[in-house]
Amino acid sequence: MVRPRSGKMIAGVCAAVAGRFGIPKALVRIGFVLFGLFGVGELVYIALWILIPKER
């Protein structure tokens with residue numbers, strides 16, 4: 001799993017997760033927003049931003 005250089009909005013985390021599991025990027029983004037309402041989405045997003053390498 002790698003963060004793409006194109007097709008991303010902020011860091012490419014949602015695009016990477018969507019590509020890995022074969023689901024639409026919009027659905028992953030909505031999921032992160034909903035989890036963000038409970039206070040965990042931001043932490044998970046930042047952790048994945050650090051852990052998932054950028055595409056070469």
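Residues numbered from 1 in each chain as written. Predicted model: local features only at pLDDT ≥ 70, side-chain atom pairs only at ≥ 80, totals over all residues. Heavy atoms only, no water.

(A) Summary view of helix H1 (residues 13–21). The set of residues buried in H1 consists of Val13, Cys14, Ala15, Ala16, Val17 and Ala18. Buried residues along H1 sit in contact with helix H2 (25–37) and helix H3 (41–51). In the segment just after H1, glycine 22 is the residue with positive phi, at about 70°. (Buried < 20%, exposed > 50% of the residue type's maximum accessible area, 1.4 Å probe, protein only. Helix = DSSP H or I, 4+ residues; strand = E, 2+ residues; numbered from the N terminus. Contact = heavy atoms within 4.5 Å.)

(B) Region of the structure containing the packing of H1 against H3. Contact pair H1 / H3: the axes reach a minimum separation of 9 Å and the direction vectors enclose 80°. If you check the angle between H1 and H3, you find them roughly perpendicular. Contacts between H1 and H3 pair Val13, Cys14 and Val17 from the former with Tyr45, Leu48 and Trp49 from the latter. Each residue belonging to the contact of H1 with H3 can be placed in one class, and the counts come to six nonpolar, no polar and no charged. (Axes fitted to C-alpha atoms, helices over the stretch in contact; angles between N-to-C directions. Parallel < 35°, antiparallel > 145°, perpendicular 65-115°, else oblique. Nonpolar A, V, L, I, M, F, W, Y, C, P; charged D, E, K, R; others polar.)

(C) Molecular detail of the packing of aromatic side chains. The final tally for this structure, using the stated rule, is two aromatic pairs. Aromatic pair phenylalanine 32 and tyrosine 45: ring centres 5.5 Å apart, planes at 90°, arrangement edge-to-face. Of the two residues, phenylalanine 32 is situated in helix H2 and tyrosine 45 in helix H3; the sequence distance between them amounts to 13 residues. The exposure class of phenylalanine 32 is buried, given its relative accessible area of 17%. Look at tyrosine 45 and you get buried, because its relative accessible area is 14%. Seen from their ring centres, tyrosine 45 and tryptophan 49 are 6.2 Å apart, and the 75° between their planes marks the pair as edge-to-face. Pair noted here: tyrosine 45 and tryptophan 49 are both in helix H3, with a separation of four residues, about one helical turn. (Phe/Tyr/Trp six-rings, centres within 6.5 Å; stacked < 30°, edge-to-face > 60°.)

From the geometry alone we can't say anything about function, so treat these as descriptive.
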